[in-house]
Amino acid sequence: MISLLVKEKLYINEVVLGTGFGIIIGPYAANVFTPREWGPLENTITLEVMRVVLATGLFAVGVELPCAYMKEHAKSLLIVVVPTMAFGWVVVAGVIQALFPELNYISSLCIAACLTPTDPVTCAAITRGKFATKHVPVNIRRILSAESAANDGLAYPFLAISIYLTVETSVRTALGKWFLVGWLYQVILGTVLGAVLGLLFSKLMKLSHNKGFIDRESYVAQYLALSIFTIGIASTIGADDLLAAFAAGSAISWDGHFNVQTEDDTFSSVIDYVLNCGCFIYIGAWLPFDAYNSSEYGITPWKLVLLMIAILVLRRIPPLLALYKFVPEIASWKEALFSGHFVSAVFVSSLALTRLPTPEHPPANQAQYLAATIQPIVSFVVLGSIIVRKYCCG
């Protein structure tokens, strides 16, 4: 009833509102919605909720970018994504180990890999809406959307090498699995699979449209169906489902036909909005506030605050300030600075837990210690990132 006032006048988006409402109905307030009390299935449910919402958002980014955007801006994306991710991964790992010395550097790299991607759902908070249209140049909005989609899927290799080095006894075995599974199978296969599915459905839908077999409403319905279908196939065979969803979205709109059929239709925006609201309500109720002061693991609020500040300052801003002159879409150091403060991590941390052993109390080894500390650290950074976005966009 007051959504226009809240979003367009106060610049408070669904990310902040959803998280706040989730906290209110969660276990630390009303105690109505308590995801962490669902037992052994809690992490699996969290992982799948994040997977569906992220994949839909990634598919949407691919569809909404201009025709052949990835081809025309490949150089800029390569510069923005790869060095920025690698720099942030290594530097944040060093900060984590300094603040939490019980974690070795490999475990710190695993947590840093969770903090490496830029979530397209939360990135949309500054790339869409009245505030973005008025204050953020269109080139910045597009490059940030494309980068957030690409680096979200590319977090897999960073996480994979950290996990393999943690759980494997041989460095050679870990590196071999990382190259064969992490890169060739997950990343390359996932991207190719998504692109092939997107192009195939683009041709089929165009053929059906020309023959009068499909109407405009059916085109819009495919917006959600194709994204879920793509991640279903990719996750079933173990490929990178997030990159597959982004590749499918980019491929299906490569020639612009899909965009023409779905332009000016609000249904896809409604789907996106409902999923985003539900996702952040879930996150708000899921946040483990009691774990932010766990002396047995060396986790204290002041350390988490210092980590959040260090991530905001060091993870993306230095490489973007150093490289922005090679990226035509970023015109000045001010735009590079603006582009450098985004972070998100819930999906990747939940994925990491599926690869780690269940921790005992106290943890018996480094892998168990990592499993016990990864979500408290990561979830606090997510909460801090949401708060920072509120003040950056307000």
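Anyway, here's the lowdown on the structure attached to this text. (Residues numbered from 1 in each chain as written. Predicted model: local features only at pLDDT ≥ 70, side-chain atom pairs only at ≥ 80, totals over all residues. Heavy atoms only, no water.)

### Let's talk about the overall build of the protein
How we decide: Strands are runs of DSSP state E lasting at least two residues, helices are runs of H or I lasting at least four, and both sets are numbered from the N terminus onward. Three labels apply to residues, based on accessible area from a 1.4 Å probe with only protein chains included: buried if under 20% of the type maximum, exposed if over 50%, partly exposed otherwise in between. Residue contacts are counted whenever heavy atoms from the two residues lie within 4.5 Å of one another. Surface exposure here means Shrake-Rupley accessible area, sampled with a 1.4 Å probe, where a residue is shielded only by the protein chains that are shown.
Across its full length, the protein carries 20 helices and zero strands. For the protein, with 394 residues in total, the buried portion stands at 55%. For the protein, long-range pairs separated by at least 24 residues make up 79% of all intrachain contacts whose partners lie at least 6 apart in sequence. Summed over all atoms, the accessible surface of the protein reaches about 16,800 Å², with 67% contributed by carbon and sulfur.

### Focus: empty space enclosed by the protein
Picture a little ball the size of a water molecule; that probe, rolled over the atoms, points out where space is still empty. Convention followed: Think of a 1 Å grid over just the protein atoms. A cavity is a set of points where a 1.4 Å probe fits yet cannot get out, a pocket is an open set with protein on both sides within 12 Å along at least five of seven lines, and lining residues have an atom within 4 Å of a point. Grid points are joined across faces, edges and corners, and a volume is the space filled by probe spheres set on the points. Side-chain classes follow a simple rule in which Ala, Val, Leu, Ile, Met, Phe, Trp, Tyr, Cys and Pro form the nonpolar group, Asp, Glu, Lys and Arg form the charged group, and the remainder, Gly included, forms the polar group.
The final tally for this structure, using the stated rule, is four cavities of 30 Å³ or more. Approximately 50 Å³ is the volume found for the second largest cavity. Contributing to the lining of the second largest cavity are Gly62, Leu65, Pro66, Cys67, Ala68, Tyr69, Met70, Ser250, Ser253 and Trp254. For the lining of the second largest cavity, the residue count by class is seven nonpolar, three polar and no charged.

### Notes on the pattern of salt bridges
Short version of the rule: For this document, the term salt bridge refers to a Lys or Arg side-chain nitrogen within 4 Å of an Asp or Glu carboxyl oxygen.
Applying the stated rule across the entire model yields four salt bridges. Across the pair arginine 51 and aspartate 241 runs a salt bridge whose closest N-O atoms are separated by 2.2 Å. Of this pair, arginine 51 sits in helix α3 (residues 42-64) while aspartate 241 is found in helix α13 (residues 241-252), placing the two residues 190 residues apart along the sequence. Taking the shortest distance from any N to any O, the salt bridge between glutamate 168 and lysine 177 comes out at 2.7 Å. Taking relative accessible area as the criterion, glutamate 168 reaches 23% and is therefore assigned partly exposed.

### A closer look at the side chain of serine 148
Keep this limit in mind: For the purposes of these results, a polar contact is taken to be a pair of N or O atoms within 3.5 Å, where, inside protein, one atom must be able to donate a hydrogen and its partner to accept one; residues adjacent in sequence count only when each atom of the pair is a side-chain atom.
By secondary structure assignment, the location of serine 148 is in helix α9 (residues 138-153). For serine 148, the side chain forms a polar contact with the main-chain oxygen of serine 145, separated by 2.8 Å.

### Concerning the packing of aromatic side chains
Heads up, the condition is: Only rings of Phe, Tyr and Trp enter the pairing, Trp through its six-membered ring, and a pair is recorded when the two centres are within 6.5 Å. The plane angle decides the type: under 30 degrees is stacked, over 60 is edge-to-face, the rest tilted.
Under the counting rule described, the total for this entry stands at ten aromatic pairs. A centroid spacing of 5.7 Å and a plane angle of 75° characterise the contact between phenylalanine 201 and phenylalanine 229, whose relative ring orientation is edge-to-face. Placement of phenylalanine 201 in helix α11 (residues 171-210) and of phenylalanine 229 in helix α12 (residues 216-237) is noted, with a sequence separation of 28 residues between them. Judged by its relative accessible area of 39%, phenylalanine 229 falls in the partly exposed class. Each member of the aromatic cluster is reached from another via a ring pair, and the members are Tyr28, Phe289, Tyr292 and Phe380.

### Looking at unusual backbone geometry
A cis geometry characterises the amide bond from histidine 361 onward to proline 362, with omega recorded as 0°. The residue proline 362 is located in the loop between α19 (346-355) and α20 (366-393) in this model. With phi around 60°, asparagine 31 is a residue other than glycine that occupies positive phi space.

### Some points on a nonpolar patch on the surface
We count it as follows: A residue counts toward a patch only above 30% relative accessible area and without a salt bridge, and it is joined to like-charged neighbours within 9 Å or, for Val, Leu, Ile, Met, Phe, Trp and Tyr, to nonpolar neighbours within 5 Å.
Together, Phe179, Leu180, Val181, Leu184, Tyr185, Ile188, Leu189, Val192, Val196 and Ile237 give the surface a local cluster of nonpolar side chains, amounting to about 830 Å² of exposed area. Tallying contributions element by element places α11 first for the nonpolar patch, with nine residues.

### Some details on the environment of isoleucine 25
Relative to the helices and strands, isoleucine 25 resides in helix α2 (residues 14-25). Accessibility expressed as a relative area gives 17% for isoleucine 25, which makes it buried. For the pair isoleucine 25 and alanine 285, spaced 260 residues apart in sequence, the C-alpha to C-alpha distance is 6.7 Å. Aside from chain neighbours lying at most four places away, what touches isoleucine 25 is Ala30, Asn31, Val32, Phe33 and Ile281.

### Some words on the state of the cysteines
Formally: Only a pair of cysteine sulfur atoms within 2.5 Å counts as a disulfide in this structure description.
One pass over the structure, following the stated rule, counts zero disulfides. This cysteine, cysteine 110, is not joined by any disulfide, and cysteine 114 carries the nearest cysteine sulfur, 5.3 Å off. In this structure cysteine 279 is a free cysteine whose sulfur lies 9.9 Å from that of cysteine 277, the closest cysteine sulfur available.

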